[in-house]
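Structural features, examined
The lines below spell out each chain.
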Amino acid sequence: MKYIWLVGIFLICHALRAQEHIEYVEERYCLAEAVYYEARGEKLEGKLAVSGVILERVVSRNFPNTICKVVHDGVYLNGVIMRNRCAFSYYCDGKREPMKDVIAREDAFYIADLALQGILYTETEGATFYHASYVSPEWANDFTFLGRVGYHLFYAE
């Protein structure tokens, strides 16, 4: 009986670790996807800064609590994201989003790995918002400007 109990505990622990691994792989993919589409043309600092915004949102009570939910956050109607009504424009712009550029895709996964290990760009620490430098969203006036990194401007709540 003791052996069966130990095997049961082992199987439960193994299943929990497998589930954690699956969740990590999914979260890593979502972070890499966002880096690829939001900061592909940026230098290392810009990519890490964008990653930092996503991770800051995960820990903020004002946003969803997982990377994938943050990246895919937006207004949904009957389970379908509404065009141009999401947190990250690439996700709801109506275009198919395959990561075709192999080098940029590998780089995005590398950046995601760094960010998930806690390596972030400290100049934008605390930022929960950013936008491209060539636009002027109304919401930007409501937040504290932290600085510019590459083509993006970063803000904290």
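As the structure is a prediction and not an experimental result, all values here were calculated from the model.

In this section: the state of the cysteines. In total, this model carries two disulfides according to the counting rule given. Here cysteine 30 engages in a disulfide with cysteine 68; their sulfurs sit 2.1 Å apart. The chirality of the disulfide connecting cysteine 30 with cysteine 68 is right-handed, given an S-S dihedral of about 100°. In this pair, cysteine 30 sits in helix α1 (residues 2-39) while cysteine 68 sits in helix α3 (residues 67-71), placing the two residues 38 residues apart along the sequence. Cysteine 30 sits in the buried class, given a relative accessible area of 6%. Counting its disulfide-bonded cysteines in sequence order, the protein shows a connectivity of 1-2, 3-4.

Glancing now at the environment of tyrosine 121. In this fold, tyrosine 121 is placed in the loop between α4 (102-116) and β3 (129-132). Among the residues examined, tyrosine 121 registers a relative accessible area of 26% and is labelled partly exposed. Separated by 73 residues in sequence, tyrosine 121 and leucine 48 have C-alpha atoms that sit 5.5 Å apart. Those residues in contact with tyrosine 121 that sit more than four places away from it in its chain are Glu45, Leu48, Ala49 and Val149.

The rules we used
All residue numbers refer to position in the chain's written sequence, counted from 1. Since the coordinates come from a predicted model, pLDDT governs what is reported: local features require at least 70, and pairs of side-chain atoms require 80 or more to be given and counted, while whole-chain, interface and lining totals use all residues. Working from all heavy atoms in the structure, the side-chain values ignore hydrogens and water. Two cysteine sulfurs form a disulfide in these notes if their separation is within 2.5 Å. Counting from the N terminus, the helices are the DSSP runs of H or I reaching at least four residues and the strands are the DSSP runs of E reaching at least two. A simple rule labels every residue: compare its accessible area, found with a 1.4 Å probe on the protein chains alone, to the largest value its type can have, and call it buried under 20%, exposed over 50%, or partly exposed in between. Residues count as neighbours in contact if any of their non-hydrogen atoms are within 4.5 Å of one another.

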